[in-house]
Amino acid sequence: MAITIGNKTQANPTPGASFYQLAHNQNTGSDGLLIVSAVMSNSRTFTSATYGGQTMTQIFVKAFGGLAQYTKFWILENPPTGSNTLRVNFNGTQWNPISLYAKSFTGAQAGGNSINLSGASTPRSSNITLSSGSLVYAYGISINAVNGVQIPTGTATGAEFTHNTNRQVRGGLNTTPFSAGTVQIRTTSTSGSVTLQAYEIQEKATAGGNENFFLIM
Amino acid sequence: MDYYIINKIQLEGGEVKQNPVGYTTNLDDVESIRGDLQEFTDWAIINGPDLDAGIIDISEFFNSHENPHQIGQITDNIDGFNLNEITDINNLP
């Protein structure tokens, strides 16, 4: 079953508290998957995330010393459907604006590969190995405007969001499933350095795969 | 269509709380409340170290400013949110 792209929620608020929460509507359908990326000043760290009261699974985390930023990425398989509260917790009161992005899928599964690179001179590129039918979500952080998220390199994606966390953050999602293999992902900024974070959203594997079989009586 | 959820930032029991007051799809409305948030954010960032150290309290902001509003989130599906559309951006709840 192919992946169906669902609802999106993004936020760039100033929390003024040790958590931030918002509502997000997870689409109905089998094999749901919710992904959440978060970025903010490294004056605080993200501790945990819940959706509908269920603890999300952390995929990667990185502190960026030069950028003075901190990011974390979570997923939740088979999240509760409908409108539920997404809550992200910090290790103290956060007075700086944060970046939150939540995206729902159905027909998807966890277990995808990821990229989690610190900042380096633009463009920032890396290879990722993908399963057949996968989509890729990627984002970059820079002091300067992040003006491109290419999935794969050479194919610009529309901005899923552009946020200001005292640094610039931009995310992109490709909408055409990949064939199995290795592709290069790229983020670009107008100048200076930019980070590269990415996650493979895998198509739900079907029992028995796509192989033909015969029943011998 | 993108729905912009507007939050009211207020002090409740000594803590900053953010409660959604409605939504808009009007980008002019979104722009018109940016100043609100900027004032709060600027104040919080400037005073962040003193706030963390307990030298000053966030109540000082609310003692001298109206409750600010900010875009709490942007979403493409508000089913189940139970929010009303904002009809007068100049008279937010």
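Just so it is clear, the structure is predicted and the values come from calculations on it, not from any experiment. Here the residue numbers are simple positions, counted from 1 along each chain's written sequence. Labels follow written order: the first chain is A, the first ligand is 1, and so on. Given that this is a predicted model, residues contribute local features only at a pLDDT of at least 70 and side-chain atom pairs are listed and counted only at 80 or more, while totals for whole chains, interfaces and linings are drawn from all residues.

A. The arrangement of the overall build of chain B in detail. The way it works is that DSSP assigns letters per residue, a run of H or I at least four long becomes a helix, a run of E at least two long becomes a strand, and they are numbered from the N terminus. Scanning chain B from terminus to terminus reveals three helices and three strands. Counted from the first residue to the last, chain B has its helices and strands arranged as β-β-α-α-α-β. Once the C-alpha set of chain B is aligned to its principal axes, its extents read approximately 45 × 25 × 20 Å. Note on burial: count the other C-beta atoms lying within 10 Å of the residue's C-beta; 20 or more is buried, 12 or fewer is exposed, in between is partly exposed, and C-beta positions come from the backbone. Taken over 93 residues, chain B has a buried fraction of 27%.

B. Focus on the pairing of strand β8 (residues 82–94) of chain A. Residues and elements named next belong to chain A. Being paired, for any two strands, means DSSP has found at least two bridges between them. In the sheet, strand β2 (residues 17–26) pairs with β8 via nine bridges, with the strands oriented antiparallel. Along β8, the bridge assignment pairs Ala23 with Thr85. Pairing of strand β4 (residues 46–51) with β8, which is carried by five bridges, proceeds in the antiparallel orientation. In the sheet register, Phe46 faces β8, and the bridge partner there is Phe90.

C. Region of the structure containing the interface of chain A and chain B. Residues are scored as being in contact if the C-beta atoms we place from backbone atoms lie within 7 Å. Contact with chain A, which involves 18 residues of that partner, is made by 22 residues of chain B. Among the elements of the structure, β1 (4–11), β2 and β8 of chain A are those that each provide at least two residues to the side of chain A that touches chain B. Residue classes follow a fixed rule: Ala, Val, Leu, Ile, Met, Phe, Trp, Tyr, Cys and Pro count as nonpolar, while Asp, Glu, Lys and Arg count as charged, and any other residue, Gly among them, counts as polar. Residue composition of the side of chain A that touches chain B, grouped by class: seven nonpolar, ten polar and one charged. Pairing of β1 of chain A with strand β3 (residues 69–75) of chain B, which is carried by two bridges, proceeds in the antiparallel orientation. Looking at the pairing, Thr9 of chain A lines up with Thr75 of chain B of β3 of chain B.

D. A look at helix α2 (residues 34–53) of chain B. Residues and elements named next belong to chain B. Take the number of residues in a helix, subtract one, and multiply by 1.5 Å to get its expected span. With 20 residues, α2 should reach 28 Å at 1.5 Å per residue; the first-to-last C-alpha distance of 28 Å fits that figure. Taking the largest bend as the criterion, α2 deviates by roughly 65 degrees, centred on Asn47, and proline Pro49 comes between one and four positions later. Every buried residue belonging to α2 is among Asp36, Phe40, Thr41, Ala44 and Leu51, and all of these are buried. In the core, the buried residues of α2 are packed alongside β1 (3–12), α3 (59–64) and β3. Positive backbone phi, approximately 80 degrees, marks Gly54, located one or two places after α2. Note that bend, as reported per residue, equals the angle between axes fitted to the 7 residues terminating at that residue and the 7 residues originating from it.

E. Fine view of the sheet that holds β2 of chain A. The four strands are arranged β2-β8-β4-β5 (chain A) in an open sheet whose pairing can be described as antiparallel. This sheet does not close on itself; its edge strands, each paired only once, are β2 and β5 (54–55) of chain A.

F. The arrangement of the pairing of strand β13 (residues 135–142) of chain A in detail. Residue and element names in this part refer to chain A. Extensive coverage of β13 is indicated by the burial of eight of its eight residues. Here β13 shows no split at all, with Leu135, Tyr137, Tyr139 and Ile141 on one side and Val136, Ala138, Gly140 and Ser142 on the other all buried. Summarising the sheet, β13 and strand β18 (residues 193–203) pair through five bridges and their orientation is antiparallel. By the bridge assignment for β18, Tyr137 is matched with Tyr199. Of the pairings in the sheet, the one linking β13 to strand β16 (residues 168–173) comprises six bridges and is antiparallel in character. What sits directly across from Ile141, in β16, is Val169.

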